[in-house]
Amino acid sequence: MLALGIETSCDETAAALVRDGLEVVAGVVHSQDELHCRFGGVVPELAGRAHVEKIDAVLRAALDKAGLGRADLDCVAVTNRPGLVGSLVVGLTAAKMLALAWNLPLVGVNHIHAHLYAARMAEPDFEYPAAGLVVSGGHTALYAARDAMTYEYLGGTIDDAAGETFDKVAALLRLGYPGGPRIDKLAKAGNRDAVTFPRSFLQDASDLQFSFSGLKTSVLYAAMGEYGPRNDAALDAIPDERKADLAASFQEALVDVLVVKLLRAARKIGAKTAVIGGGVACNSRLRERLREDGAAAGLRVVIPPPAHCTDNAVMIAGLGGALFAAGHRDDLATLDAMPKMNG
Ligand code: KG4
Ligand code: ZN
């Protein structure tokens, strides 16, 4: 069973072919990072337009790469929630057109659930229930995965997302966009004990919410430090060594919270496995800490390869294919783009 997956929920235009929900046949991702970097974040209007420009070429590239076409396909899977509405509609419209023209069933996929399903594709034999953490530019949330297709929300951020926090801290350290990978790299040269930044919501052992806006402000104050009041010149003047220490200390505080809460969620639901997904799941310190602390807690830890952590269509074709095999179908007339999560 071969699924064509389409993903356009944020700033990646992606298409992929996946067999039986697990086997990657082809995947193509076009990133808009270059378009948005001078604004320091994704500009929704520009993202939607850029998807329109690229969607045809990306779809064609995925099919060409696989050397496959209409006759080989069993369904079209598409991200229809959550995301930027002007971006979602581009992929959804393309998916509906293909489903109609090629007379194929259509399956709408939840992007967040797909980030967690990516772990299933990496290691299909892990045991459920699993505790899942999705950490990206727009989301930071914990889930109980009952099986590969059923995800129940346990808690999430009440302000900034983890990736957004990485990006904002990188901006104030003058590292450029997207900030996560740059902080990750710079942190390797710094001392993670240089500054003790606040770990939010760690006191109450049952709390599964996150808050990162205080951490971001603490980094700003520490960055200004002896270099003067908040102004661009003060931030421009931070020496490289100090930047590395701030990056390492900030990353440690954020990773600490993510790992503690994921393990807390795992305990709460009696999980056998802990999985992560989303762009921040590429972070080398998060991967290392989760492997160590997860093993110490007696959990199997499953982390997808970095290319399947950032936005991609492989995870959409994977989960869409699994849903299709389980009998799931969506209606061309009623499947809508939904910007919000709704579970
Ligand atoms: O999942 P994703 O590609 O797009 C969204 O749905 O948001 O995640 C992008 C986010 C960005 O905020 C980026 O800075 C962050 O993931 N990111 C990282 C790393 N690689 C990407 N954050 C920390 N460390 C990384 N190595
Ligand atoms: Zn994502």
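Below: a short report on this structure. Because the structure is a prediction, the values reported are computed rather than measured.

Cut-offs applied
- Residues numbered from 1 in each chain as written.
- Chains lettered and ligands numbered in written order.
- Predicted model: local features only at pLDDT ≥ 70, side-chain atom pairs only at ≥ 80, totals over all residues.
- Heavy atoms only, no water.
- Patch = residues over 30% accessible without salt bridge, like charges linked within 9 Å, V, L, I, M, F, W, Y side chains within 5 Å.
- Areas by Shrake-Rupley, 256 points an atom, 1.4 Å probe, with all protein chains shown as cover.
- Salt bridge = Lys/Arg side-chain N within 4 Å of Asp/Glu carboxyl O.
- Lys, Arg positive; Asp, Glu negative; His and termini not counted.
- Charge placed at Lys NZ, Arg CZ, Asp CG, Glu CD.
- Helix = DSSP H or I, 4+ residues; strand = E, 2+ residues; numbered from the N terminus.
- Pairing = 2+ DSSP bridges.
- Axes fitted to C-alpha atoms, helices over the stretch in contact; angles between N-to-C directions.
- Contact = heavy atoms within 4.5 Å.
- Phe/Tyr/Trp six-rings, centres within 6.5 Å; stacked < 30°, edge-to-face > 60°.
- Expected span 1.5 Å × (residues − 1).
- Buried < 20%, exposed > 50% of the residue type's maximum accessible area, 1.4 Å probe, protein only.
- Near = heavy atom within 4 Å.
- Polar contact = N/O pair within 3.5 Å; in protein donor to acceptor, adjacent residues only side chain to side chain.
- Nonpolar A, V, L, I, M, F, W, Y, C, P; charged D, E, K, R; others polar.
- Parallel < 35°, antiparallel > 145°, perpendicular 65-115°, else oblique.
- Left-handed = near helix turned anticlockwise from the far one by under 90°.
- Donors = N, O, S within 2.8 Å, 3.2 Å for Na, K, Ca; no water.
- Tetrahedral: all angles 85-135°; square planar, octahedral: opposite > 155°, others 65-115°.

1. Observations regarding a negative patch on the surface
Together, Asp20, Glu23, Asp72 and Asp74 give the surface a local cluster of negative charge. Note that aspartate 72 resides in the loop between helix H2 (44–66) and strand E4 (75–81).

2. A word on the sheet that holds strand E2 (residues 12–19)
Across the sheet, which stays open at both edges, the 5 strands sit in the order E3-E2-E1-E4-E5 with mixed pairing between neighbours. Each of the sheet's edge strands pairs with one partner strand only, and the pair in question is strand E3 (23–31) and strand E5 (106–110). Within the sheet, the average angular offset between the axes of one strand and its neighbour, ignoring direction, is 20 degrees. Bridge count between E2 and E3: 8 bridges; the pairing is antiparallel. Looking at E3, one finds that alanine 14 is bridged to valine 29. Sitting on the sheet, H2 is in contact with strand E1 (2–7), E2 and E3, with an inclination near 25 degrees to E2. Each of E1, E2, E3, E4 and E5 touches helix H4 (residues 111–122); the most contacted strand, E5, lies at about 90 degrees to it.

3. Side note on the packing of aromatic side chains
Taken as a whole and judged by the stated rule, the model has 4 aromatic pairs. Ring centres of phenylalanine 126 and tyrosine 128 lie 5.1 Å apart, and the angle between their planes is 55 degrees; this geometry places the pair in the tilted category. Ring centres of tyrosine 143 and tyrosine 153 lie 5.7 Å apart, and the angle between their planes is 75 degrees; on these two criteria the pair is classed as edge-to-face. One end of the pair, tyrosine 143, is in strand E7 (residues 140–147); the other, tyrosine 153, is in strand E8 (residues 150–156), and 10 residues separate them in sequence.

4. Details of helix H7 (residues 213–224)
With 12 residues, H7 extends 17 Å between its outermost C-alpha atoms, agreeing within 8% with the 16 Å of an ideal straight helix rising 1.5 Å per residue. When H7 is considered as a whole, its buried residues turn out to be Leu215, Lys216, Val219, Leu220, Ala222, Ala223 and Met224. Of the surrounding secondary structure, the elements contacted by the buried residues of H7 are helix H5 (162–172), helix H8 (232–236) and helix H9 (240–269). Backbone geometry just after H7 places glycine 225 at a positive phi near 30 degrees.

5. Notes on the pattern of salt bridges
Counted according to the given criterion, the structure contains 17 salt bridges. Its salt-bridge partner being lysine 168, residue glutamate 164 comes within 3.0 Å of it at the nearest N-O pair. Pair noted here: glutamate 164 and lysine 168 are both in helix H5, with a separation of 4 residues, about one helical turn. Its salt-bridge partner being aspartate 293, residue arginine 289 comes within 3.1 Å of it at the nearest N-O pair.

6. Some thoughts on the site of ligand 1
The environment of ligand 1 is made up of 19 residues, and the closest members are Gly137, Asp167, Gly180, Asp184 and Gly279. Glycine 138 places a polar main-chain atom, nitrogen or oxygen, 3.5 Å from an oxygen atom of ligand 1. At a separation of 3.0 Å, an oxygen atom of ligand 1 approaches a polar backbone atom of glycine 180. For ligand 1, whose free accessible area comes to 560 Å², the fraction covered by protein is 89%. Those elements that provide at least two residues to the shell around ligand 1 are H5 and helix H6 (179–187). For the shell around ligand 1, the element with the most residues is H6, which contributes 4 residues. For the shell around ligand 1, the class distribution of residues is 5 nonpolar, 11 polar and 3 charged.

7. Quick word on the packing of H9 against helix H10 (residues 284–296)
How two helices sit against one another is set out by the angle between their axes and by the gap between those axes. Across the interface, H9 lies against H10 with an axial gap of 10 Å and an inter-helix angle of 40 degrees. Taken together, the axis directions place H9 and H10 in an arrangement best described as oblique. Considering the relative orientation of H9 and H10, their crossing is right-handed. Facing Gln251, Glu252, Val255, Asp256, Leu258, Val259, Leu262 and Leu263 of H9, the residues of H10 in contact are Arg285, Leu286, Arg289, Leu290, Asp293 and Gly294. Residue classes in the contact of H9 with H10 are distributed as 7 nonpolar, 2 polar and 5 charged.

8. Points about the coordination of the zinc ion (ligand 2)
Protein coordination at the zinc ion (ligand 2) comes from His111 (NE2), His115 (NE2) and Asp311 (OD), with a distance range of 2.1 Å. Around the zinc ion (ligand 2) sit 4 donor atoms, and with donor-metal-donor angles ranging over 91 to 151 degrees the site reads as irregular. Read from N- to C-terminus, the donor residues coordinating the zinc ion (ligand 2) fall into the pattern H-x3-H-x195-D. In this pair, histidine 111 and histidine 115 both sit in helix H4, 4 residues apart, roughly one turn of the helix. Assessed through its relative accessible area of 4%, histidine 111 is described here as buried.

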